[in-house]
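Structure assessment
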Amino acid sequence: LIDLDGTLIPFAPTVEEAQLDDDAASLLRHLAETRAMIVIVSGRPRASIESLRAAVPAAWWFAEHGAWRFADGGWEPPTMTADLHDLERRLTGRTRLAQLYRLADVGVVTPLRDGMNLVAKEGALVNQRDGVLVLSEYAGAFYELGEHAVTVPPFDIYSTANALHQALRMPLEERRRHAQALRDQ
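First things first, this report covers the structure right here in the doc.

Calculation rules
- Residues numbered from 1 in each chain as written.
- Predicted model: local features only at pLDDT ≥ 70, side-chain atom pairs only at ≥ 80, totals over all residues.
- Heavy atoms only, no water.
- Helix = DSSP H or I, 4+ residues; strand = E, 2+ residues; numbered from the N terminus.
- Buried < 20%, exposed > 50% of the residue type's maximum accessible area, 1.4 Å probe, protein only.
- Contact = heavy atoms within 4.5 Å.
- Pairing = 2+ DSSP bridges.
- Phe/Tyr/Trp six-rings, centres within 6.5 Å; stacked < 30°, edge-to-face > 60°.
- Lys NZ or Arg CZ within 6 Å of the ring centre and 35° of its normal.
- Core = buried A, V, L, I, M, F, W, Y, C linked by side-chain atoms within 4.5 Å.
- Expected span 1.5 Å × (residues − 1).
- Arc of directions from axis to C-beta.

A word on the side chain of asparagine 127
Locating asparagine 127 in the fold gives a position in the loop between helix H5 (117-126) and strand S7 (132-136). What makes asparagine 127 buried here is its relative accessible area of 8%. Setting aside residues no more than four positions away along its own chain, asparagine 127 makes contact with Tyr101, Arg102, Leu103, Ala104 and Arg183.

So this is what it looks like as structure tokens:
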């Protein structure tokens, strides 16, 4: 589960200028090839995600804070139909984003400056899969949660890629230990 703006894409003066660079797109495509489920959530309107979505078509794309999902060639609200993927069957009502937090194997919270503290804390608290938190050294939550997270300098895409690799390959017992420590904070 990855937040788009400020995590995958650096902040820019306008939405049009904030684009996914080739390195980040390549990293996401590589992760998708490992059969990792990539879920990208953005607060952006659906129309502004179209060009980004084309760069990583294997990802699950959610727009407008989880209110819309791209599926079958168009945007639709997440539904409860039996023919959709297990993740989508679990997404209902007002708790869509919290349900994504529960299902994430890795949560990436990498603001470039203090912020996103609640995302890091809420995600760790409700996660039911002993998910690993990848956390920016600049997040305010770093001082509370950093000891139990994989920490990164958010300006360095290669460090972030290595942190994702480390998080995805972390042994189960180590994941459990870190996840429990995060919940206990």
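With respect to unusual backbone geometry
Of note, the phi angle at aspartate 130 is positive, near 50°, even though the residue is not glycine. Judged by relative accessible area, aspartate 130 falls into the buried class, the value being 15%.

Remarks on the pairing of S7
Counting buried residues in S7 gives five out of five residues, a clear majority hidden from the surface. Residue alternation in S7 divides its side chains into two sets, Val132, Val134 and Ser136 and Leu133 and Leu135, and both sets are buried. Judged from the four bridges that link them, strand S6 (residues 106-109) and S7 form a sheet pairing that is parallel. When the sheet's bridge partners are listed, valine 106 is paired in S7 with valine 132. Direction of pairing for S7 relative to strand S8 (residues 150-152): parallel, over a ladder of three bridges. Paired with leucine 135 across the strands is threonine 151, a residue of S8.

What about the packing of aromatic side chains?
Throughout the structure, instances matching the rule amount to three aromatic pairs. Their ring planes at 80° and their centres at 5.4 Å tell us that phenylalanine 70 and tryptophan 75 sit as a pair that is edge-to-face. Judged by its relative accessible area of 18%, phenylalanine 70 falls in the buried class. Here tryptophan 75 falls in the buried class, since its relative accessible area comes to 18%. Above the plane of the ring of tryptophan 68 lies arginine 46, whose end atom (NZ or CZ) is 3.8 Å from the centre. Positioned over the ring face of phenylalanine 70 is arginine 53, at 3.4 Å from the centre of the ring.

Some details on the pairing of strand S4 (residues 68-71)
Walk down a regular strand and you will see the side chains alternate between the two sheet faces. One ladder, built from two bridges, connects strand S3 (residues 60-63) with S4; its direction is antiparallel. The residue of S4 that forms the bridge with alanine 63 is tryptophan 68. Where S3 hands over to S4, the hairpin turn is made up of four residues, of which glutamate 64 adopts a positive phi near 50°. Bridge count for S4 against strand S5 (residues 74-76) is three bridges, and the pairing is antiparallel.

Observations concerning the nonpolar core
Counting residues in hydrophobic clusters, the biggest one holds 31 residues, and the most contacted among them are Leu20, Ile40, Trp61 and Val134. Mapped onto this core, the elements with two or more residues apiece are helix H1 (22-33), S3, S6, S7, S8 and helix H7 (157-169). Discounting chain neighbours no more than four positions away, the residues touching tryptophan 61 are Leu4, Ile40, Ile49, Leu52, Arg53, Val56, Trp68, Arg69, Phe70 and Trp75.

Concerning H7
Helix length check: H7 (13 residues) gives 18 Å between terminal C-alpha atoms against 18 Å at 1.5 Å per residue, within 8%. Looking at H7, one finds that the buried residues are Thr160, Ala161, Ala163, Leu164 and Ala167. Burial along H7 is one-sided: seen end-on, the buried residues are contained in an arc of 160°. Seen from the buried face of H7, the exposed residues on the opposite side, beyond 90 degrees, are Tyr158, Asn162 and Arg169. Each element contacted by the buried residues of H7 is listed here: H1, S6, S7, S8 and helix H8 (172-184).

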